[in-house]
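This is what each chain is made of:
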Amino acid sequence: MTAVRVALSTLRAAPDGEVVTQLLLGDPVIVDEDGAGGWSRVVALNQAAPALDPRGYPGWLPSADLAPVADDAGESIVDALRTDLRAAPGGAVAIPGVPLGTLLAPAGPADGAWVPVRVPGADGPLWAASADLAPVPAAPPDPAAAVDVARRLIGVPYLWGGLSPAGIDCSGLVYLAWRRLGVALPRDAHEQAEAVDPVPLGEERPGDLYFFARPGRRIHHVGFVVAPGRMLHACGEAGLVVEESPSPSRTETLIAAGRVPAAVSA
């Protein structure tokens, strides 16, 4: 298996082309074409994009960002907004800025406040602060818990295709908040709308999702319901993640609400 070996890698529609999403450390990929001018054509296996590829999200990554990895399931997830992985307990930083939602596989017993983890491309285990990690949830979470995760990202800059506390877009915020809770949603807003159970407008609850589209167009925006008529979203107009009542122009494009079903829990 091949996986991302850096804290955050940007997936593009073509080499040096438009950003489509980002992958986190350890995210697995299928390599369809390797080494074209330093780029690899891949499919990101844990970011569903059924309309583009039934296997996952397709695109191009820098080949240097990839490495072979054992087929280990991550049993811990980064709960801090970002954490550094170190060469030894409390030692030099080996991989800085590993973001929220990164899945890490254990590599042995803890050493005090430090946990060894396996990382693609590393010769041996790296060490994470145990306080920055949490177990991957096994039970379906309360949808309101996803709002709690998303609220921690208020003020993060809006970034098209972004998927981390360094920058994030609307569907990335939804994807990442639910990923932190062990739930796998599609990456893009219009496909997230197809993965949820419809909720009549006026009956939405905290943790549900609002979807927006212009007449005759597919869904282009998504945000969390925090209360009827109030949302938390990565807003391109504001340039950051905000909690607000939608503007009149935004409300005009509100077309649906949806609730994430327990069936999609990872």
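Provided above is the structure to which this section pertains.
Residues numbered from 1 in each chain as written. Predicted model: local features only at pLDDT ≥ 70, side-chain atom pairs only at ≥ 80, totals over all residues. Heavy atoms only, no water.

Enquirer: Sorry, what's going on with the overall build of the protein here?
Expert: Of regular secondary structure, the protein possesses 4 helices and 22 strands. Computed over the C-alpha atoms, the radius of gyration of the protein is 18 Å, within 12% of the 18 Å expected from 2.2 N^0.38 for a compact globule of 266 residues. Oriented by its inertia axes, the alpha-carbon framework of the protein measures out at about 55 × 45 × 35 Å. Among the 266 residues that make up the protein, the fraction classed as buried is 46%. (Helix = DSSP H or I, 4+ residues; strand = E, 2+ residues; numbered from the N terminus. Rg over C-alpha atoms; globule rule 2.2 N^0.38 Å. Buried < 20%, exposed > 50% of the residue type's maximum accessible area, 1.4 Å probe, protein only.)

Enquirer: Please clarify how the sheet that holds strand β17 (residues 197–199) should be interpreted in this entry.
Expert: Remark on secondary structure: sheet strands pair via backbone hydrogen bonds, oriented parallel or antiparallel. Read across the open sheet, the 6 strands follow the order β17-β22-β18-β19-β20-β21; overall the sheet is antiparallel. Two strands in the sheet have a free side with no partner beyond their single neighbour: β17 and β21 (240–244). Averaged over all pairs of adjacent strands, the angle between their axes in this sheet comes to 35°, without regard to strand direction. Here β17 runs beside strand β22 (residues 254–259); their pairing, made up of 3 bridges, is antiparallel. Opposite D197, over in β22, you have R259 as the bridge partner. Where helix α1 (residues 143–151) meets the sheet, its contacts fall on β19 (221–227), β20 (230–235) and β21, and the angle it forms with β19 comes to roughly 110°. (Pairing = 2+ DSSP bridges. Axes fitted to C-alpha atoms, helices over the stretch in contact; angles between N-to-C directions. Contact = heavy atoms within 4.5 Å.)

Enquirer: Hey, could you run me through the nonpolar core in this one?
Expert: Inside soluble globular proteins, nonpolar side chains tend to come together where they are buried. In this structure, I168, L173, W178, L209, F224 and L232 are the most contacted members of the largest nonpolar core, which totals 33 residues. Those elements that place two or more of their residues in this core are α1, α2 (170–180), β18 (209–212), β19 and β20. Setting aside anything within four residues of it in sequence, one finds L173 in contact with A150, L153, I168, F224, L232, H233, A234 and V241. Counting residues in hydrophobic clusters, the runner-up holds 13 residues, among them A7, V78, V119 and A128. (Core = buried A, V, L, I, M, F, W, Y, C linked by side-chain atoms within 4.5 Å.)

Enquirer: What is the right way to read the pairing of strand β13 (residues 126–129) from this model?
Expert: In summary, the side chains of a regular strand alternate between the two faces of the sheet. Judged by which residues are buried, β13 turns out to be covered on both faces: L126 and A128 on one side and W127 and A129 on the other are all buried. Sheet topology note: the strand β12 (residues 114–118)/β13 ladder contains 4 bridges and is antiparallel. Across the sheet, the residue bridging to V117 is L126, located in β13.

Enquirer: Explain the side chain of S40 here, please?
Expert: Looking at the secondary structure, you find S40 in strand β5 (residues 39–44). A polar contact of 2.8 Å, which involves the side chain of S40, links it to the side chain of S63. Apart from the residues lying within four places of it in its own chain, the contact partners of S40 are V31, E33, D34, G35, G59, W60, L61, S63 and L66. (Polar contact = N/O pair within 3.5 Å; in protein donor to acceptor, adjacent residues only side chain to side chain.)

Enquirer: Before we go on, may I ask you to explain α2 in this structure?
Expert: Among the 11 residues in α2, 11 count as buried, and that is most of the element. Those residues of α2 not exposed but buried are C170, S171, G172, L173, V174, Y175, L176, A177, W178, R179 and R180. Directly beyond the C-terminal end of α2, a positive phi value near 85° is found at G182.

Enquirer: Can you help me understand the packing of α1 against α2 in this one?
Expert: When two helices pack together, their arrangement is given by the angle between the helix axes and the distance between those axes. Running from N to C, α1 and α2 cross one another at 115°; their axes reach a closest spacing of 9 Å. As for the relative orientation of α1 and α2, their crossing is right-handed in sense. From α1, P143, A146, V149 and A150 reach across to α2, where they touch L173, A177, W178 and R180. When the residues that make up the contact of α1 with α2 are grouped by side-chain class, the tally is 7 nonpolar, no polar and 1 charged. (Left-handed = near helix turned anticlockwise from the far one by under 90°. Nonpolar A, V, L, I, M, F, W, Y, C, P; charged D, E, K, R; others polar.)

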